[in-house]
Amino acid sequence: MFNKTKRIFAIVLAVALVFALAGCKGVEDDGSSVEYVIEEEVVVQGGNNSGTTTIVGGNDNNANTNDGNTGNTGNTGNTGNTGNTGNTGNTGNTGNTGNTGNTGNTGNTGNTGNTGNTGNTGNTGNTGNTDNTGIDYEALKGTTVKFASTIDPKDDGTQYVVDSFEEKYGIKVEIVKCTLPGYVQEMQGLIANGNAPDVGRSNGDFPACIAYFDSLDKSKMDYNDPIWNQNTFRLTTFNGSPYMCDTYGCYWTELDIVMYSKRLLKAAGCPTPQELDAQGQWTWDNFMMIAEKCTQKMGAPAGCINTTELGLHMAGGNVFKIQNEKIVNGIDGKTTAIVKKFAEAWKKGILNNKSTVGIAEGTTAIGTGHAWSLRKDGDVAARGAQVADLGFYYLPSYTAGGARPATGIFRGFGIMRGAANPVGGGVFLRHYLDVNNYDTVNAFINEDAKSFFFQLTTQDYAENYNPYLTYIGLNQDIAGVNYGTDIYGVMYMDPSAVDGKMAAVKAAVDKGAKNLNDHITKYLYSN
Amino acid sequence: MSKLKKSRGIEELKSRYGFMFVLPWIIGLVMFFLYPLIQSIVYSFSDVAVSPGGVDIKFVGLKHYIEILKVDQNYTTELTTSLTSIVYSLPIILILSLVLAMMLNQKFRGRIFFRALYFLPVIIATGQVMKLVFETTDDSLTEMGVSGGMASGMITVEDLTGMLNMSTEVAKFITTTINDIFNLIWSCGIQIVLYLSGLQSIPATLYEASRVEGATKWEEFWFITFPMLSRITLLVGVFTMVELFINERTPLVERVYGSMLTGQYDKPSAMIWLYFIIVSAIMGVIIFLFNRFVMKRYEA
Amino acid sequence: MNNPFKNIKEADKLKAIKYANVGGSVLYSLFRYALLLSIGFIIIYPLLYMIVTSITSPLAFLNSTRVWIPTDFLIKDNYAKALQALDYWDSLKNTFFYPIASALLEVCSCAIIGYGFARFNFKGKKILSGILFLTILIPEMMLVMPRMANYGNLDFLGIFGGIEKLVEWVASLFGSDITATFDLTPNIVNTGWTMWLPSFFGIGLRSGVLIYIYIQFFTGLPRELEEAAWVDGAGPLKTFLKIAVPSSSVVFITVLVFSIVWHWNDSLLTSIYFTETEPLAPALVGAKEYLGAAWGLYGGKGAPQQAAVMMAICLLFITPVLIFYMFIQRGFVESIDRVGITG
């Protein structure tokens, strides 16, 4: 009897094992045949000023002290900025000499920020003199501001700015350590038990950040201060007050650009974007034309949109759009046409998916990058690109003579809910985000890059500014939609199949927009 | 009669002592477990927003449950995928770790080294390290559509298609299977240790007696090893099921964790509570069957 | 009834003894080595990969003919960067002080609780066993938010808060204000108490599993010694400490290893509970960002040094636990062999 049951048991076990092994395949099925990867690489700003900078006037940046400020007349509290003759009252950014050129920038209407930079007369708050905020700075002396940052300023080279803040206002800065993937939860945990930090940063997760940001009114900051980026205020205003802030020309501001290899374009006989723009012909169709020509010449896909998913936005398309304090479905006819164009480009094989790595390697002839790619520590130069070969320009417009898209990662800073010292936090932000407090002498890959950066990031783009909310997918779980497969996947399909899929894409975007709005409503309007 | 009283007294005394032993646990339960647990259940029935000084709860009843079952098109498929993956992986892991533990239990040269080696996955894989290693080895694989994994470093799809002239489909299948085998072996670490300690606690006299009697290895296993291991097998089985259940790589759990990391507590709580109920039902059935048919027969 | 032990020839019996002692024929031991080594290779492959990658220099990466032995080394710089990215010595100190200390607490408290479950029958034991099962099942992530909300004002069933209010009211009657100094519901965020307290009470990281392991083990211990101690008049605690614990070195070491490994690798709880000083696990999570921010090291084919430093970071992270395991598993094997003989 034992033998029989034992044998049956053994047979059953063996069969189960066979089935289980056969079922192995299904265990880790990811459910999709192509992985649509939204670039997971975190674009982190940081300018490390150690060891490589050479400053005229012999001021050593590493020392981060106030002495040695030769030539810095009237530059109290500022470190390492030499040669600022003529910039009286200016906190001495040699980079600002580039900014003076901004007043001469045709087409940059509404450069309110720039008038603040040139001549630096409007730099209220920088010297702590006249400002319209009515903040009692004396009362703030001796208080603490808690800054919830995923990177300690000591590590990304911005500690000297924090030091100058502490010295100037007598307010101590405390860094609250947190990690990027769990940022929202960590912040909420601290808020819930009464240990909320004062200031925090949203690294592209809007509107998830509404969960931890409070209205900026609490900080009593002057919204009309020319340093503040009105684009950000405009898009994050709910109930009449903004929730996120950013400054013109700030270290962390993000706007996307086009980068190209001068050598490769020349070899293929293509005009550069600048030349095309001079004739008013810098359009996306021409971008694709250049990519195609270079592909033919090089024998490998030579164009790159960083990445294709984000390329949808860079071409002027929209997925989510912020309009009238709500997130709406931004897909329109133009977006569908752009999707089709990308699908065709993929079919033709003129695009690769290497993102900025290809530009750094020199295997991508023309591609897109970020404003941050213009820096020495940015994702292009730090990967060993041949700087002399790099060219960069604005994103092309969709139609000849149309407005250029202004898009990028939607970043900003803000005051935390339940902050103990919101006013001090506002003062800190005003100081920490002021590009005048930074040394930008050697932060960029070359002089052209620096002036281009300031041209790019110190404009008021008004309705043209449409940052993408789907970067990294930090708010993907709130939207309840898989950005890769449900939305952007359609860009990789055969162009003839695009129209059929668009209905599903629109439905997904509608659902995502609804969930995101619910999230905002939950935190803002049900108090 | 006095004897009766005494034994009852001892029983009562013993039960009071026992209670005192677990009293700290009960206190801890209330403070750190039951209270948050009930709150988590409440979250699944309400809209949750975190505000300074606490968590705002707005009771909405079954709204989230209905939503995930009807509206959310991914939930039911994710649920079935996760559950079937548990059912697939459980027997393999149990059998594999038992076989490996038995092998490691024997006396051969280098067994200490091997025992140390097989616990290595536990040390490395329970944290973020594996994820980081995967990310650096995973180069061009995502383009080919094969999800990343350690197998990508050992055998790549290109090697298979290039060297052996296999079609991409077959190559993908082989790579995913190797990936799965890899993942399974990496999940066996703790089970091997538990089985090892279980095997060690079987008195050697039993084996000696059976050898004297002339039992074959097969009989030795079924009549000595397996019955003596029944309690350990239950432990390992429960443990493996729980590990599989809350394994972060299952799509459902990944989604829930991702939502919680970005500040959503209401819907994910509903998702995971439903998952719990189903999994605990399944586990309860398996444990009941195991107790009934195996433990009763081989009561050690 | 079939007796499987009869009809065995003498020679076969001797053969069986010989096989049993040697552990199998040559063929079998070859097979065993082959299987163990091949599976072992799968296991050790990532570790080897980590070691090799962490010592290569960027130049060697570009040389695609290299597979295992790098042509160029850059050990010092990679590891120096790795040490800095993790803030190693500080993080290590924090790791020992917070998670590891609570691991040790957990090992002890779970033993006591497991013994209570295993050896005694008390009222409500069935219910509590069910709750124990629940503790095993429920992952930490689900309870993090409610716990964090409570940690600002740690309270027990509202009793402490009630007492505090009562005392304040009484004090206000006398006109004195002692609210500032008298705080029965402390804010324990950022202190070690967030981890020590739950572990002390047996609700630490994965404590349910450990209690379950203890229960299974203690139930399997022979009762004779303990009964003898009872008769001799030893109380339960003494019995536990003097009889059960010394016989349980195996399970103690097992549980210790598990607990330490889990606590060491735990990045979820430590990143939420600690915002000022970080143990090692959250530092690991933030290391990638650190590399980008501090030295501009990004991944991808263009800058392979990131891979090298990341692997160095991973190695630094797992090395202390590996060393710990190497030392302790020797004791593991020895005590295993000893225990097997009794009974």
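Residues numbered from 1 in each chain as written. Chains lettered and ligands numbered in written order. Predicted model: local features only at pLDDT ≥ 70, side-chain atom pairs only at ≥ 80, totals over all residues. Heavy atoms only, no water.

**Concerning the overall build of chain B**
Reasoning step 1: Across its full length, chain B carries 15 helices and two strands.
Reasoning step 2: Residue burial in chain B is summarised as follows: out of 300 residues, 56% are buried.
Reasoning step 3: The long-range fraction of contacts in chain B, counting pairs at least 24 apart against all pairs at least 6 apart in sequence, stands at 63%.
Reasoning step 4: In the structure as shown, chain B presents an accessible area of about 13,200 Å², 65% of it carried by carbon and sulfur atoms. (Helix = DSSP H or I, 4+ residues; strand = E, 2+ residues; numbered from the N terminus. Buried < 20%, exposed > 50% of the residue type's maximum accessible area, 1.4 Å probe, protein only. Contact = heavy atoms within 4.5 Å. Areas by Shrake-Rupley, 256 points an atom, 1.4 Å probe, with all protein chains shown as cover.)

**Section: the overall build of chain C**
Reasoning step 1: Check the secondary structure of chain C and you find 17 helices and zero strands.
Reasoning step 2: With 343 residues in all, chain C has 55% of them scored as buried.
Reasoning step 3: Considering only residue pairs separated by 6 or more positions, chain C has 76% of its internal contacts joining residues 24 or more positions apart.

**Re the domain arrangement of chain C**
Reasoning step 1: Parsing chain C into structural domains produces domain 1 (88–143 + 189–277) and domain 2 (153–186).
Reasoning step 2: In this structure, domain 1 of chain C and domain 2 of chain C have C-alpha centres spaced 33 Å apart. (Domains from an automatic or database assignment.)

**What to know about a nonpolar patch on the surface**
Residues and elements named next belong to chain C.
Reasoning step 1: Together, L166, W169, V170, L173 and F174 give the surface a local cluster of nonpolar side chains, amounting to about 600 Å² of exposed area.
Reasoning step 2: Structurally, L166 is set in helix α8 (residues 159–173).
Reasoning step 3: Take L166: its relative accessible area is 51%, and that puts it in the exposed class. (Patch = residues over 30% accessible without salt bridge, like charges linked within 9 Å, V, L, I, M, F, W, Y side chains within 5 Å. Salt bridge = Lys/Arg side-chain N within 4 Å of Asp/Glu carboxyl O.)

**Structural notes on empty space enclosed by the protein**
Reasoning step 1: Under the defined criterion, the tally for this structure stands at 14 cavities of 30 Å³ or more.
Reasoning step 2: Of the voids in this model, the second largest cavity is the one considered here, and its volume is about 100 Å³.
Reasoning step 3: Around the second largest cavity, the lining residues are A:T150, A:L180, A:P181, A:Y183, A:V184, A:R201, A:N203, A:D205, A:L474, B:L261 and B:T262.
Reasoning step 4: Going through the elements one at a time, α8 (183–192) and β3 (199–203) of chain A are the ones with two or more residues in the lining of the second largest cavity. (1 Å grid on protein atoms, 1.4 Å probe; cavity = no way out; pocket = protein on both sides within 12 Å on 5 of 7 lines; lining within 4 Å. Points joined across faces, edges and corners; volume = space filled by probe spheres on them.)

**Looking at the domain arrangement of chain B**
Residue and element names in this part refer to chain B.
Reasoning step 1: Parsing chain B into structural domains produces domain 1 (2–44) and domain 2 (63–295).
Reasoning step 2: Contact with domain 1, which involves five residues of that partner, is made by seven residues of domain 2.
Reasoning step 3: Remark: the boundary between domain 1 and domain 2 carries zero salt bridges.
Reasoning step 4: On the surface where domain 1 and domain 2 come into contact, there are two residue pairs in polar contact (both at pLDDT 80 or more). (Polar contact = N/O pair within 3.5 Å; in protein donor to acceptor, adjacent residues only side chain to side chain.)

**Quick look at the pairing of strand β10 (residues 326–329) of chain A**
Within a regular strand, side chains alternate between the sheet's two faces.
Reasoning step 1: The pairing of strand β9 (residues 320–323) of chain A with β10(A) spans four bridges and is antiparallel. Bridge pairing in β10(A) links A:K321 to A:V328. (Pairing = 2+ DSSP bridges.)

**Thoughts on the sheet that holds strand β8 (residues 303–304) of chain A**
Residue and element names in this part refer to chain A.
Reasoning step 1: Spatially, β11-β8-β12-β7-β13 is the arrangement adopted by the five strands of the open sheet, whose pairing is mixed. The sheet terminates laterally at β11 (351–352) and β13 (390–393), the two strands that pair on one side only.
Reasoning step 2: Alignment of β8 against β11, held across two bridges, turns out to be parallel. Within the sheet, the bridge partner assigned to G303 lies in β11 and is L351.
Reasoning step 3: In the packing of helix α17 (residues 447–457) onto the sheet, contacts are made with β7 (256–261) and β13, and the angle to β13 comes to roughly 15 degrees. (Axes fitted to C-alpha atoms, helices over the stretch in contact; angles between N-to-C directions.)

**Some words on the packing of helix α14 (residues 333–348) of chain A against helix α20 (residues 495–524) of chain A**
All names here are of chain A.
Reasoning step 1: With their axes 9 Å apart at the nearest point, α14 and α20 run at an angle of 145 degrees to one another. The element α14 and its partner α20 pack so that their crossing is right-handed. Of the residues in α20, those touching α14 at T336, V339, K340, A343, E344 and K347 are P495, V498, D499 and M502.
Reasoning step 2: Its residues assigned to classes, the contact of α14 with α20 shows five nonpolar, one polar and four charged. (Left-handed = near helix turned anticlockwise from the far one by under 90°. Nonpolar A, V, L, I, M, F, W, Y, C, P; charged D, E, K, R; others polar.)

**Concerning the packing of helix α3 (residues 75–105) of chain B against helix α2 (residues 26–55) of chain C**
Reasoning step 1: Look at α3(B) against α2(C): their axes get within 11 Å of each other, and the N-to-C directions meet at 120 degrees. Considering their axes alone, α3(B) and α2(C) lie oblique with respect to each other. The interaxial crossing formed by α3(B) with α2(C) has left-handed handedness. Contacts between α3(B) and α2(C) involve B:L100, B:M103 and B:L104 from the first element and C:Y28, C:F31, C:R32, C:L35, C:L36 and C:I39 from the second.
Reasoning step 2: Its residues assigned to classes, the contact of α3(B) with α2(C) shows eight nonpolar, no polar and one charged. (Parallel < 35°, antiparallel > 145°, perpendicular 65-115°, else oblique.)

**As for the environment of C:F240**
Reasoning step 1: Tracing the sequence through the fold places C:F240 in helix α12 (residues 236–247).
Reasoning step 2: Using a relative accessible area of 4% as the deciding quantity, one classes C:F240 as buried.
Reasoning step 3: If we skip the residues at most four places from it in the chain, C:F240 touches B:F21, C:A111, C:I112, C:Y115, C:F218 and C:V245.

**Overview of the nonpolar core**
Reasoning step 1: Core analysis: the largest hydrophobic core is formed by 329 residues, its most contacted members being B:Y118, B:Y275, C:M50 and C:I313.
Reasoning step 2: Among the elements that take part in this core, helix α17 (residues 305–341) of chain C stands out by supplying 14 residues, more than any other.
Reasoning step 3: Not counting the four nearest positions on each side in its chain, B:Y118 is found in contact with B:L100, B:L104, B:G189, B:I192, C:L35, C:L36, C:I39, C:G40 and C:I43. (Core = buried A, V, L, I, M, F, W, Y, C linked by side-chain atoms within 4.5 Å.)

**Re the confidence of the model for chain B**
Reasoning step 1: Taken over all residues, the pLDDT of chain B has a mean of 77, while the share at 70 or more is 83%.
Reasoning step 2: Contacts from residues 138–151 of chain B, a stretch scored under 50 in pLDDT, to residues over four places away or in other chains number 38 contacts. (pLDDT = per-residue confidence, 0-100.)

**Brief notes about helix α11 (residues 204–213) of chain B**
Residue and element names in this part refer to chain B.
Reasoning step 1: All of the buried residues along α11 are Y207, S210 and R211. Each buried residue of α11 lies within a common arc of 100 degrees when the element is viewed along its axis, so the set occupies one face.
Reasoning step 2: At the C-terminal side of α11, G214 shows a positive phi close to 90 degrees. (Arc of directions from axis to C-beta.)

**Side note on the side chain of C:T270**
Residues and elements named next belong to chain C.
Reasoning step 1: Within the element layout of this structure, T270 appears in helix α14 (residues 268–273).
Reasoning step 2: For T270, a relative accessible area of 1% translates into the label buried.
Reasoning step 3: One polar contact links the side chain of T270 to the main-chain carbonyl oxygen of D266, over a distance of 2.7 Å.
Reasoning step 4: Apart from the residues within four sequence positions on either side, T270 is in contact with P99, M195, P279, A281 and P282.

**Focus: the packing of aromatic side chains**
Reasoning step 1: Enumeration over the complete set of coordinates arrives at 74 aromatic pairs over all chains.
Reasoning step 2: Summarising the aromatic geometry, the rings of C:F217 and C:F218 are spaced 6.0 Å apart at their centres and angled 70 degrees between planes, so their arrangement reads as edge-to-face.
Reasoning step 3: Taking relative accessible area as the criterion, C:F218 reaches 0% and is therefore assigned buried.
Reasoning step 4: An aromatic cluster of three or more residues is present, and its members are A:Y137, A:F147, A:Y160, A:F165, A:Y169, A:Y251, A:W252, A:F413, A:F428, A:Y432 and A:Y438.
Reasoning step 5: The ring of C:W295 carries C:K81 above its face, with NZ or CZ at 5.5 Å from the centroid.
Reasoning step 6: Positioned above the aromatic ring of C:W262 is the side chain of C:R206, whose terminal nitrogen or guanidinium carbon lies 4.5 Å from the ring centre. (Phe/Tyr/Trp six-rings, centres within 6.5 Å; stacked < 30°, edge-to-face > 60°. Lys NZ or Arg CZ within 6 Å of the ring centre and 35° of its normal.)

**Describing the interface of chain C and chain B**
Accessible area lost upon the coming together of the parts is a frequently used measure of interface size.
Reasoning step 1: Listed per partner, the contact involves 102 residues of chain C and 94 residues of chain B.
Reasoning step 2: At the junction of chain C with chain B, the criterion picks out one salt bridge.
Reasoning step 3: Across the pair B:E243 and C:R206 runs a salt bridge, and its minimum N-O distance is 3.0 Å.
Reasoning step 4: In this structure, the connection of chain C to chain B is made through eight residue pairs in polar contact (both at pLDDT 80 or more).
Reasoning step 5: Looking at the side of chain C that touches chain B element by element, the count peaks at 18 residues for α2(C).
Reasoning step 6: Of the residues assigned to the side of chain C that touches chain B, the class counts are 80 nonpolar, 14 polar and eight charged.

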